[in-house]
Each structure stands twice: as C-alpha cells, then as structure tokens.
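Topology and contacts: notes
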Number of protein chains: 2
Amino acid sequence: MILKYVYGTPIETDAVVKEVDGAEKNIPFFNVEKTEETVTFSYQMEEDDIVYGLGENVRGINKRGFLYVSNCSDDPCHREDTNSLYGAHNFILVDGKELFGVFVDFPEKVTFDIGYTKRTEMDITVNDVNFVIYVITGEDEKDIVKQFRQMIGQSYIAPKWALGYGQSRWSYMNEGEIREVVKNYRDNQIPLDMVYLDIDYMERYKDFTVNKEAFPDLEALAKEMKEQGIRLVPIIDAGVKIEEGYDIYEEGLEKGYFCKKEDGTEFVAGVWPGKVHFPDMLNDEARNWFGKKYKVLLDKGIEGFWNDMNEPAIFYSEDRLKKAFEELAKLQGENLDIYKFFHMKDLVLELANNKEDYASFYHEYKGQRIRHDKVHNLYGYYMTRAAGEAFDELEPDKRILMFSRASYIGMHRYGGIWTGDNMSWWSHLLLNIRMMPALNMCGFLYTGADLGGFGAHVTEDLMLRWLEFGIFTPLMRNHSALGTRRQEAYQFEDKKVFANIIGIRYGILPYIYSEYMKSSIRDEMMFRPLAFDYREDSFAKRVEDQLLVGDSIMIAPVYEQNAKGRYVYLPEKMKMVKMKSLTERTYEILEKGHHYIDVDLDEVIFFIRPDKLIPLSKGGQFVEEVDFEDLELLSFVETEATYELYTDDGFTKEYDKPEHFKHLISK
Amino acid sequence: MILKYVYGTPIETDAVVKEVDGAEKNIPFFNVEKTEETVTFSYQMEEDDIVYGLGENVRGINKRGFLYVSNCSDDPCHREDTNSLYGAHNFILVDGKELFGVFVDFPEKVTFDIGYTKRTEMDITVNDVNFVIYVITGEDEKDIVKQFRQMIGQSYIAPKWALGYGQSRWSYMNEGEIREVVKNYRDNQIPLDMVYLDIDYMERYKDFTVNKEAFPDLEALAKEMKEQGIRLVPIIDAGVKIEEGYDIYEEGLEKGYFCKKEDGTEFVAGVWPGKVHFPDMLNDEARNWFGKKYKVLLDKGIEGFWNDMNEPAIFYSEDRLKKAFEELAKLQGENLDIYKFFHMKDLVLELANNKEDYASFYHEYKGQRIRHDKVHNLYGYYMTRAAGEAFDELEPDKRILMFSRASYIGMHRYGGIWTGDNMSWWSHLLLNIRMMPALNMCGFLYTGADLGGFGAHVTEDLMLRWLEFGIFTPLMRNHSALGTRRQEAYQFEDKKVFANIIGIRYGILPYIYSEYMKSSIRDEMMFRPLAFDYREDSFAKRVEDQLLVGDSIMIAPVYEQNAKGRYVYLPEKMKMVKMKSLTERTYEILEKGHHYIDVDLDEVIFFIRPDKLIPLSKGGQFVEEVDFEDLELLSFVETEATYELYTDDGFTKEYDKPEHFKHLISK
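The rules behind these values
Residues numbered from 1 in each chain as written. Chains lettered and ligands numbered in written order. Predicted model: local features only at pLDDT ≥ 70, side-chain atom pairs only at ≥ 80, totals over all residues. Heavy atoms only, no water. Phe/Tyr/Trp six-rings, centres within 6.5 Å; stacked < 30°, edge-to-face > 60°. Helix = DSSP H or I, 4+ residues; strand = E, 2+ residues; numbered from the N terminus. Buried < 20%, exposed > 50% of the residue type's maximum accessible area, 1.4 Å probe, protein only. Lys NZ or Arg CZ within 6 Å of the ring centre and 35° of its normal. Expected span 1.5 Å × (residues − 1). Contact = heavy atoms within 4.5 Å. Polar contact = N/O pair within 3.5 Å; in protein donor to acceptor, adjacent residues only side chain to side chain. Domains from an automatic or database assignment. Buried area = accessible area lost by both parts, 1.4 Å probe. Salt bridge = Lys/Arg side-chain N within 4 Å of Asp/Glu carboxyl O. Least-squares fit on C-alpha atoms with pLDDT ≥ 70 in both.

For the rest of this paragraph, the subject is the packing of aromatic side chains. Following the criterion strictly, the structure yields 113 aromatic pairs over all chains and no others. Judged by centre distance (5.0 Å) and plane angle (85°), the rings of Tyr52(A) and Phe532(A) are edge-to-face. Here Tyr52(A) is found in strand E4 (residues 50-53), whereas its partner Phe532(A) is found in helix H15 (residues 530-533), with 480 residues between them in sequence. Residues Tyr294(A) and Phe391(A) carry aromatic rings whose centres are separated by 5.6 Å and whose planes lie at 85° to one another, so their mutual orientation is edge-to-face. Of this pair, Tyr294(A) sits in the loop between helix H5 (284-292) and helix H6 (295-298) while Phe391(A) sits in helix H10 (residues 379-394), and the two are 97 residues apart along the sequence. Exposure remark for Tyr294(A): the relative accessible area of 0% places this residue in the buried category. Among the residues examined, Phe391(A) registers a relative accessible area of 5% and is labelled buried. Stacked on the ring of Tyr116(A), the Lys or Arg Arg485(B) has its end atom at 5.0 Å from the ring centre. The ring of Tyr587(B) has Lys575(B) lying over it, and the distance from NZ or CZ to the ring centre is 5.0 Å.

Here it is in structure tokens:
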C-alpha cells in the first residue's frame, strides 16, 4: 500500500507517474518535527534493523551508520566521508522490526542521517516545508520495491547492442585512435561493441559540433565502425559555449533558453570550454529545442549518447571568479599564517560547485520562475529527458542508447546512468558491487561503473577483478581519465585472459539481456541483496559482498588485491561454476553455509540456484554476432529446472509480446 | 647473513649501527641496471611470492600490486593511490621461491614497484648512484627481521605510563578544557593517562613557548594533572617562527642554525605561524642546540613530547608564493577553459610540499653542504634525534616519551612514531591493522594510529571498533582535528561501553607492556603476520586482517561498519576469549580452520594459542594504579602453558636485569 503525504505546496518533479491519492491518516512509523524551514522525520531503529536504498551513494548495502545528502555533486574522488554523489535518489527501505519504503519527492537537499548522529536513530530532514513523501508497505522487500517502481514508471530500455562491452577514454583524440583501438580489440579477439567519444571529439568542447581536423567525416567513420560491429557513442555536456557564430549559443541566446540571473542576464559558468551558459532544461520549450539538437549526430549514424556534467558541474562562475581574484590580490604580501593561508586555498577550491552559485540563477519551470538550488537535483534528469523526448519523436521505432551522470528518480524512464567518475581503487570496485541493488531499487537498470576506474592508475589485477564483476552489469564500460595509465583490455600483459573474461560476458548475454529486460518490463530488481530472496535467513542479512543477479545466479566477486579466494555464504545448496573462459568450466555442488573458495585471477565464479537455468550462447566478437537461438543450458537440477527466456530483435520498442518469452526446461 | 653493497660514495644516514663488511660477491637475487642517475634492482616474482615491509605505507600486509615511494610526505587524506606517507622505511622481505630481506639505505627517493608495472616483476629504483643496499638471508622470516633489527640497533623504549590511553585534540585551547576532559574521563571511570597539547598551547605557534593567557601556569597544571595520574604531552613543530624578539628565532639566526638557500640567506617557509625558518637538524651543533630547548618544558614537569610537521611539511615557500601571486594576476580577466583553470588551481594546490622548494635549501651535514632534497627523508629522524640526544643528557636516568610524525629507519632508536594524520574511515582502521607488522619490522615498536581518525567525522561504532583494536597497540591515542565531531570517549551515548573497552587495555597491560619490552630488548616483532609463526600453513599466508600480538595472542579485529561478526582463520586450535569488560568474559575452544565468529559492537575478541598464558591485571584508571603483581592468568593449557613476564619500574633505563623476567606456569 502506498500512502502519500503532501506538505505545503510542492514543486512537481515528474518523478511519479501513477496517480496516488493523499492519505487520510497520519504518517506511520515516524515522529515528525517541523520548523519554519525544514521537516524532520525520525525513526527509532532496533539493533537489527537494516536500511537499504539511496541509489547512487557511498558505503554499504546496509546504509546504517552514516549521513547521506541528496545533492547531485561532481566528486570523482569520492571517499568514505563523501555524503553526495552524482545522483539524488531519495528512496529507502527499512527492514527489521517494521518493513516499509519511503520516497521523499523533493528536488532540493534531503538529508538521511541513518544512525550517524545517534546510532539507533534515523532522521530524514527535508530542507523545505513543501514536498511530497510516500510511505510504502507490502508483503516483503520485493513487493515494496515493485510498488514503488510501478509508481515511478517503467525503466528506460537500452538497445541490445548496448549490453555489449564498451571502451572509453578521456579522450580518443582523432579517428586514427579510434581505428587503432578497434583494431587492437579485433586482432586480439577481445569482444567489443562500443567506442566512446569523450569531450575532445567536439570542436572546442561545443555541444553538437565535431572537430573537423580530428574527425573529418564522422558519418563515414560511424558507418565504417558499424560494419565492424562497433557503435560510436559521443558525450554531450550540459554547458553551451559562449562563442559568437556558434549556432546553438546564438539561437539559445536569441530565444532566451539559457538560465538567467536575478537581473535577467544570462548566468555565466566556466567548464571545459571556459565560459558557458546552461540551457534551461526545465523549461519545456528550451528542453524541446535542446533535445532536437541530438539530431545533428543521429543524422551522422550515431545511435547512442552519454550526458555529462549535468549536476550541473561548475568549475567557477564568472562572478565568483572575479571576486576571488580581487580577494587574492589583497592577500599578496601578507604573512599567511594557517588561517590566512587556508583562506587563500579556499578562495580557489571553493570556486567549483559553489552552493551560492547554484542559488544565483533561475529556471522557468511549469510556469514559475524558480531559483536553481530549489530544483538542483532535477537538472541532469531534465537534460536526459530532453534527449529522451526528442528521440521518441525523431526515432519513434528505435531504441537509442542514453545514459547520464546526474540523475533524480524519474529520469530512469528516459535513460540509464553510469555511476559517474570514480577511481582505480579496489574500494570503488566494492562500492560498485554494493551500489547495484540500490540503483535497481530506484529504477536504474541500465547502469554500471567505469570499470577499472576513471581517475588514478589501474593495475592489471584490479582491471581483471573489476571486469569479472562487470560482466554481470548491463552497462559494461571501461573508461579512464587523461593522464592515467592506459587501460584498454589489450594494454595488459595477459591479453588472452582479458579476451576470455570479456568473452564470458558474450556467452552469458542471453541471460543478462533476458534478466535486464524482464526487470524493466516487470518493475523488478535485477540485482538484489541476498536478504531479499532469503528472507528467513538471518545470516543473509549480514552479507554485504554477494548479490543475486536475475533469477538464477548468485555472485560473490573478489574485490581485494592479492586475494586468491574469498569467503562465500550460501543461503542454500547451489552449484558453483568456475570459468576461465566460455569453454573452460568446472562445476561443484556446495552445501548451504560458509565456504572459503579459491578464485584465480583469471577466473569468474558464480553460483546457480537450485532448479535454475542459465542460457549460454557460443559468444561472439560483438552483440550482433551472438546467436541467441543456439543456446546451451547451464543448470542445477534438483527436481526440474526452468527458465523464462526473453528475446527480441534488440532495437524495437515493443517489449512484451508473447513471442518474446520462451520457457526453457531442464530435467 | 647480511650482505652489504656500497654503490658510489653514499651519504651516511646513521640508520645502521652495526659494522657490516662489504660483500665480495655480486648482489644475489636481483638483476641490476644502472643509468647515470639511477640504479634499478629487478626481481622476478613467482605467483605465490609475498613481499612484506615498507613500514608506514598504504595497502596490504602483502605489498604486491602497487608502486610505493619512500618520500616523507604530509598527506592526511591518504587513499589507495597514495604512494608515500610520513615515514620512509626502505626495508622489504621477499618470501616465496626465495627468502630474503632488503634494506636500501638512501635518504632520498626510493621507488618500490612491486608488481605494479608488470604483475610479476619487482623493481627497486634508487634515485641516485650513491647508496648502500643490504641483502639479508636467514632461516626464516623472523630470523631475517631480527638480523636486520640488530643491525639498526635497539628500538626506543617509552616509559610505562605511555602505554596507557591518551586523549588528544587539535586543540584543547586552555587549561579549563584540559581539566574538563580529565574530569569527564574520571567521572565516567574511563581510564586515562595522557592529555595531548596540540599547537594552540603555544604562543602563536612558537616552539617552546606557552600561551600565557590560555595556560597561565603550565608547571602548576602539569603537577595538578600528575596528581590525578595524567601526563600532559605537548607538540613540538619543526619550523621556528620568524619574529623579532622571539629568543629561539634570534639565537638560531645569530648562530646560523637555520637552513639556508643557495645565496646564503635563510630559507623561508610558511606553516602554522606563517613564515618560519627550519633549524638545520642535520647539523650537529644546531641539533644539539634545538634538542636542549626541550628543557624549557621538561623544567615545567613535562615528561613527553610529540614531534610534528617534520617531513618537513611546507604550506608554501616565500619565493613560490610570490611567484604564484604574480601568475594568478596574469590569469585575471582571461577566459579560463579547462587548461587555464586547472593551471590556476595548480598554482595554489602546488604551493604545499613542492619538490622544487625541497631542492632550494641546504644542510650542513657531517662537514658537507647538502641540498635538502638529497637528504629529505632524514629531517624528521634528526629532529627526533635532537630530542633523544638531549634527553640522554638532560634526563640520563629517566625515560621521556617521544614520538614523531616523519621518520626514517634509525630514528626508531630515539623515539616512536604515530602513523600521522589519518581520517575517520573504516579503511584507515584496516590500514592501521595492516601497517603494524611492517612498522615493527622496521624497528618502530612504540607506535599506533590516531584512533577514531584525525580528519572527518567519526561515528560511535567506528570509534568503538578502532578502540577494540587500539587496546593492543603500545601507543594508544585518540586524536581528532579542528572542526570534526568531538571524539573523546565520553562524548558518545554508551559511555559505559567505552569505559569497559578501554578498561580492558588496563587489564591486559601486563601482557602488552611485557611483550612490548621484550620486542625491543630482543629486536623482535610484537605484531606479526600469521605466516611468520605458521610457516608451513599455506592459508596463513593469505590472511591480511589477523595478527599475532606477542607470544600468546592472535587478534582478528572487526573493521567493517555494521558487521556483527567476521570470518576468522585459525592456523591451529586456539581458545577464543570474548570480553565485554575486564570481568565479563566467555571462552570457547575452536578447532583449526575457518570460522565465522559473532562479535558484538561492545565486545573485544582474541585468541589464546595452545599452551600460552596471558597475565591479566585488575585494571585501573591510569597505569600507576595497575597492580602488576596481582595477576590472574588467562590460559589455554594443552599440556603446560608458560609465559615469560617482563616487569620493571617503568621509567629507569636498565631493561635486561634478570629480576625483570619472571616465568609463569599454568598446568
């Protein structure tokens, strides 16, 4: 059951698509404390209560013991004490003495103090008195999530080829580099479906332009690539460069589509190209205009995009930069002791993503003029909505790949997300694992992390272990930053191992695709904590590093350097599968309970649940090469194992025709 | 056997105290590659080789898979990709196909690429052609470490009271705050032995001064505290404030004791007080002069110190700051695109600890003028040596507490170290655990981390879990930074639990003190990886989160948030002890093998090895209250359990008299 509570006069976010009547009774479970500016919902936790959720955020599957802030933030180097990441996903599920979900539909800051200030108290504080809060009760965890997901609408579905493996880099600087990457992959027989174009494909970082020197004919290149089974996926940034003669800048300015300051002049921020304006994605007309611009690239044969810098990230605002220079000049010649020196540093460090800057420009949203900070968490969502709505018009019959960095619940209907810039850290691999169920809860199914890590230098073992997990995530992309060690799969010593591991992805693709599609069609979670399926198993609730993936599989990834194995908990008897490649496999039936399992560095392990099947293809060098008809069945048959296989052509938008579903049986 | 290889004409570091003849044969195990500027020693690792060592550095007990740089660095927010911490400890132990230790005695940068560039290759690169390298072979790991430790000389020994629990904060601002802290501890019956004075006890951060407003009579305060069993432990910084009329500044200047630039003028750095000079700690005369200054505080009844900022940390140099301001002025008014904007940021961010600044001043060392960067890693060592040598003269019969932030091997004879500024991160608790054996290998026995974490906000559970590990480390100090959540033990909800956990430290103190003393006297490791004692156990080699502490105990700390237990590997049958307090204990005999053990948040667990004893006192509110005669014996008797107990008065400097050793037996 969904209970809806409207406080004051909320700003509509379009997160929810289902009509829900306002509840008549008082909000259950919580103590409510109102001030003139905030509302706090307090819940007394028992020792064994678990709090799931919050989508893209730091720490564990169980979110207890920290303070999280929903505030879309650009923080590549996020650490244990980071409170906000790129997305703002205000859904939690409390599981213990009571069982209920909560969704706070509010586009500004929401704070979740989950046993941080007081170990047994949860305080959800909304930074306003106008918002909607939903409380969802149900039979079990999955039922509550499903009700929530039905309320927020069906998740975006990517084309099938986007479930292949992609290679990215900030940046492949010209078409020669792209060809070289593809050649290296193909020569080493490492499968590949996508090459990503980061900011340098553009002419001086201008959206919807192409650097003609580096990419003289993008359309021809896209065609040439597609003939090899490769899609090019360019980046689109939020900010539009201020440059005379640049059509998008001039049109946007003329039509008044950019965000303005209080005095009515356009807000000027600095990002990649230097000074930019932000299109007012919240304004229907401006959004429609911006979305249609993707046509420039669609017309060149591009079939997928990633939207970036749309928190929006701000390196500096023109106004703040000016003031900083003035302040800095004053410090010159002084004896800078600790306080003055840190003031100097702050003048520069606080230029980026400054909350005062976010409070200095405005949107025209649903007929109202609204200050940006009041709707901050919607910006990335509405940029992606711009694209999604445009694609529906421009390409009504074809799925276009779209995923975003910033997001809010609701955006999941228009695109996926990657988990933003991360680091080549083992702890970020673990974070990736732990985040997947939380993202799925919030409707983000086409999702994954920058495999190998974006910032910092990767090592071969980290790259391998991360790929060994990444083969299970729908978005499977290797991405890394300027100045870091090259991390294309062929850059490492043991190329064959990389070919084998990535090859396994293409082998299990019928399963991954099928589970991904069913999760979207049925508003379910593809990645689940063990406790969701093994409700009566009290140990399952403690497990923070194993997941259920789809209907048949439990995974237990290795995420520690130099580890030659790991402890695995089996909530019931399962069949362990070890794969060195698609064809080199061993099996072992393991009993319920604790096990220490050896896992070689060149090896993927997973576990088949009793009476479950995994359809396995013969693999291929890219998705279209994979034969979804010629399947082998991996199974763990206790009595009779069954599997519901979803297949389709991979690009049309009809998903639930009966012929898409096939029932496989193994005895 | 120790093989010594002298390359070129090395700078003497005084790391080694034992005469070792130069080896006649070529260096074994390594391929050597020389260039005009560097020498690289390469070793081919087998899959199962483990590399231990490197003292204070990041990552695991097994150092494989990363690149470490010995370069004393101030980096509080160290992360997985940090290469250098506060100490430079060039000792490693290779354990696998071959078994040997390596010590590179070189005071500048040494790089240990341990399977980072190539997974199976270790490259040790010395940034010069003048240095000494030792290769040590022996019977087993412990034998090699012992030979190394004998070569570098006996480790510093702290007074017994310094093995109590200490409370620190940046900063307790006045004597009232000190009294309040102590009162709160005593009122809540949480044991306490030390309160630390951070930089604000000084008059404007000037070494060997006292802020008279905040601390009108430090001598009287020290006396008052001592009557309650509390020692005050002030900080001493490396930099001397430039201020007319400040005696230390004026004397140092007059006598030429400060480090100078090439042009003969004093080098000016900025740290806490703004502009400072660095005393030339490497110059015998200057060192002697600086060391004698500690007398100012000894005369006030102070019996312990911590040396800080002695990498030396530099916020900025006067020269670089001037240039930065000029460069910044040039950027004003430009369109700052990505490259120009990051240049602006770098101008400010690269002010601190800049390697060009370290190459711009000089020492007078052993009769030679040497540029600082060539001996960078010795500075903290020699600052602490200044104190150590002075204490020997000023207080010949009494142990003075001394520990440092920066260090090099050799310094372990003059003081301990804490592991420097860290963060309130669970990963830093794990790092603390993993670092202990490596520190012990390098002679640092009086050591520990800032419990609870220095930077960022601690939570009650992190504080507890960290204390539950910290009760085993000789240096047991809770320290936190300005602006972070207060983390004195009485600040949390469940004060009784804190009293109990810290109380356990005072219960096991006879064991901790005894093991600490024996480790120093015998050049052994108090904290050891499991594999050092269980050489034939191949699984023990994999264990990265359990340690042997002294002769009788194995620990398996909990270091994950919300964990209600953990997996523990027992290399042989042991007796598990669970303690909620000194008196609430349960025991269980566990068989060799893998176990999942429940560990409540308010609980300490450890394991007694077969036929071993642990002497347990009745506890106390401070060390001098602990009765070392009235002992209970915790034991796990298979046939006959024995223990060699070390006791002494805790402050005189004679350590190995026969009456200090007592043999306890339990049948």
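Residues and elements named next belong to chain A. With 13 residues, helix H2 (residues 175-187) extends 18 Å from end C-alpha to end C-alpha; this agrees with the ideal 18 Å at 1.5 Å per step. Buried-residue contacts for H2 involve strand E12 (165-167), strand E13 (194-197), helix H3 (218-227), strand E14 (231-237) and strand E27 (476-478). For H2, the N-terminal capping position is held by Asn174, with its side-chain oxygen 3.0 Å away from the main-chain nitrogen of Gly176. Phi turns positive one or two residues past the end of H2, at Gln189, with a value near 50°.

What follows deals with the domain arrangement of chain A. Residue and element names in this part refer to chain A. When cut into domains, chain A gives domain 1 (2-152), domain 2 (316-351) and domain 3 (511-666). When each unit is reduced to the centre of its C-alpha atoms, the spacing between domain 1 and domain 3 is 30 Å. Between domain 1 and domain 3, the contact holds 15 residues from the first and 16 residues from the second. Roughly 1300 Å² is buried in total at the junction of domain 1 and domain 3, and carbon and sulfur atoms are behind 54% of that figure.

Another point: the interface of chain A and chain B. Tallying the contact residues gives 69 residues for chain A and 69 residues for chain B. Carbon and sulfur atoms supply 57% of the area buried between chain A and chain B, which totals about 6100 Å² over both sides. For the chain A face of the interface with chain B, the top three residues by lost area are Glu80(A), Phe325(A) and Tyr567(A), together amounting to 11%. If you look at where chain A meets chain B, you find four salt bridges. Its salt-bridge partner being Asp48(B), residue Lys564(A) comes within 3.5 Å of it at the nearest N-O pair. When contributions to the side of chain A that touches chain B are tallied by element, the ones reaching two or more residues are strand E17 (274-277), helix H7 (318-331), helix H8 (338-349), helix H11 (426-441), helix H12 (460-470), strand E31 (565-570) and strand E34 (593-598) of chain A.

With an RMSD of 0.0 Å, chain A superimposes on chain B once it is rotated by 180° and translated 0.0 Å along the axis. The transformation just described matches what one would write down for a two-fold rotation axis. When the interface residues of chain A are mapped onto chain B, 100% of them again lie at the interface, so the same face is used by both copies.

Here the structure, examined in full by the defined rule, presents 126 salt bridges over all chains. A salt bridge links Arg405(A) to Asp308(A), with the shortest nitrogen-to-oxygen separation between them at 3.1 Å. One end of the pair, Arg405(A), is in the loop between strand E22 (401-404) and strand E23 (407-408); the other, Asp308(A), is in strand E18 (residues 304-308), with 97 residues separating them in the sequence. In this structure Arg405(A) comes out as buried when scored by relative accessible area, which is 1%. Notably, a salt bridge pairs Arg528(B) with Asp533(B), separated by 2.8 Å at the nearest N-O pair.

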